[in-house]
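Commentary on secondary and tertiary structure
Chain by chain, the residues run as shown.
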Amino acid sequence: MTGFDYDDWFDGVLRASDSPVASPGNPGRAFAAWQASFRDELRDVLGFPAMRDRAVEDIDPRRRERPGATVRHRRYERQTWSVRTERGFRVPFYLLLPDSVDPPYPVVVALHGHTEHGKDLAAGVADDEAARRHVADDRRDIARQAVRRGFAVVAPDMRAFGELSPDAADESNATDAVSACTCWQKRAQLVGRSLVGERVWDVCRLVDFAADHPVLDPDRLAVCGHSGGGTVALLAGALDERLGAVVACASVCPFEDSIVPIDHCLCNYVPGLRRLGEVWDVAGLVAPRPLRVVAGDADPIFPVAGTRRAFDRIQGRYCAADAEGKCSLFVGDGGHRFFEAGAWPFLRDRL
């Protein structure tokens with residue numbers, strides 16, 4: 001065979017994968033029925049059935065007491081905790097509590113993007129040159145930004161990052177964040193899981209923590225993520241209705257505009273997801289709860305033209321949910337970075 005064009009051939013495969021389940025149809029009961037069906041299928045594709053096999057009833061929250069585990073800052077306190085999300089597996093996270101307001105506090109689950117620093121970058125405590133550049137230029141210290149604005153913050157290490165990197169215990173054998181994702185994703189797929197699904201699963205268990213903690217207000221609970229964290233934030237908001245508002249930054253774009261033509265980390269590729277629907281269908285599961293999509297007008301890996309096209313379709317889903325006006329798009333001046341102006345005023349008004 002000569003002159004074979006794989007991109008053209010795969011475009012036909014992509015078009016053929018369009019599924020009728022991704023068509024909500026009429027508003028009202030038909031839309032609610034579509035949401036219920038799509039939510040169940042989305043859990044299956046992400047690998048939740050395999051995770052349920054190792055689920056635990058008691059998340060067993062533990063606060064670390066060793067030196068440095070609790071730090072007082074001028075405007076907030078940073079505590080270090082962990083919860084059990086599966087048998088034999090615990091997720092470490094920072095709990096940041098503000099001094100500027102009284103409890104119970106509104107809560108933001110803050111999800112970092114791809115970084116070997118994990119939650120340390122989100123909390124603004126990672127202190128090498130790359131981390132300082134990400135904070136100064138890309139504003140990725142999202143947990144610290146949130147607590148300074150009066151939110152309590154749950155900021156976890158997502159799987160393959162920070163303390164949950166495969167090589168976290170052996171600094172001499174450290175890998176970069178993308179390599180860690182590749183290792184984790186390949187093994188997850190062997191047993192019917194996906195790495196991004198495992199991250200979403202962990203967020204749902206952290207919501208359990210927030211719901212039971214005495215100084216946190218479960219009725220004012222949101223999730224906010226950047227890049228890979230934005231993907232997890234959108235999926236978690238789609239599946240866990242206790243999350244009352246969702247902010248997804250630098251991540252919402254049709255598959256055909258981003259992860260198909262542009263080489264992304266392996267964790268973005270969930271087997272079978274595109275057969276269920278597109279990113280606007282996932283976002284439709286957040287409706288009628290508030291959703292803010294945040295993008296940069298010069299983002300090289302999530303092109304803004306695709307984000308705008310996706311948002312037009314998201315608005316259609318929200319209209320079907322009789323929630324027109326509950327979703328919004330913020331486009332900032334810049335690239336693949338976090339835009340504070342797109343996230344915090346939105347959450348302040350809703351929490």
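Residues numbered from 1 in each chain as written. Predicted model: local features only at pLDDT ≥ 70, side-chain atom pairs only at ≥ 80, totals over all residues. Heavy atoms only, no water.

Moving on, we get to the nonpolar core. Core analysis: the largest hydrophobic core is formed by 75 residues, its most contacted members being Leu42, Leu216, Leu234, Leu291 and Ile314. For this core, the leading source of residues is helix 8 (residues 195–212), giving 10 residues. For Leu216, the residues in contact, after removing those within four places along its chain, are Leu95, Leu97, Pro104, Tyr105, Val107, Ala152, Phe209 and Ala210. Among the nonpolar cores identified, the runner-up in size contains 28 residues, and Val108, Ala122, Ala222 and Phe338 belong to it. (Core = buried A, V, L, I, M, F, W, Y, C linked by side-chain atoms within 4.5 Å. Buried < 20%, exposed > 50% of the residue type's maximum accessible area, 1.4 Å probe, protein only. Helix = DSSP H or I, 4+ residues; strand = E, 2+ residues; numbered from the N terminus. Contact = heavy atoms within 4.5 Å.)

Moving on: the packing of aromatic side chains. Counted by the stated rule, this structure contains 12 aromatic pairs. A centroid spacing of 5.7 Å and a plane angle of 40° characterise the contact between Tyr6 and Trp9, whose relative ring orientation is tilted. On the criterion of helical spacing, the pair formed by Tyr6 and Trp9 is a turn pair, its members being 3 residues apart in helix 1 (residues 6–16). A centroid spacing of 6.3 Å and a plane angle of 85° characterise the contact between Phe89 and Trp184, whose relative ring orientation is edge-to-face. Residue Phe89 is found in strand 4 (residues 89–98), and its partner Trp184 is found in helix 7 (residues 177–190); the two are separated by 95 residues along the sequence. Residue Phe89 is classed as buried on the basis of its relative accessible area, which comes to 16%. Members of the aromatic cluster, joined through ring pairs, are Phe4, Tyr6, Trp9 and Phe10. Across from the ring centre of Phe339, 4.6 Å away, lies the NZ or CZ of Arg337, which sits over that ring. (Phe/Tyr/Trp six-rings, centres within 6.5 Å; stacked < 30°, edge-to-face > 60°. Lys NZ or Arg CZ within 6 Å of the ring centre and 35° of its normal.)

A word on the packing of helix 8 against helix 9 (residues 228–239). Closest axis-to-axis distance for the helix 8/helix 9 pair is 9 Å, and the angle between their directions is 60°. It follows from the interaxial angle that helix 8 and helix 9 lie oblique. Note on packing geometry: the crossing formed by helix 8 with helix 9 is right-handed. Contact residues: Val196, Arg199, Val200 and Val203 in helix 8; Thr231, Val232, Leu235, Ala236 and Leu239 in helix 9. (Axes fitted to C-alpha atoms, helices over the stretch in contact; angles between N-to-C directions. Parallel < 35°, antiparallel > 145°, perpendicular 65-115°, else oblique. Left-handed = near helix turned anticlockwise from the far one by under 90°.)

Attention now moves to unusual backbone geometry. In this structure, the amide linkage connecting Pro103 to the following residue, Pro104, adopts the cis form with an omega of 0°. Along the chain, Pro104 falls in the loop between strand 4 and strand 5 (105–111). A cis amide bond, omega 10°, links Ala287 with the succeeding residue Pro288. With respect to the helices and strands, Pro288 occurs in the loop between helix 11 (279–284) and strand 9 (291–296). For Arg139, which is not glycine, the phi torsion reads 55° and is therefore positive. Mapped onto the elements, Arg139 comes out in the loop between helix 5 (129–138) and helix 6 (142–148). Even without glycine at this site, Asp322 takes up a positive phi of about 55°. Relative to the helices and strands, Asp322 resides in the loop between helix 12 (304–320) and strand 10 (327–332).

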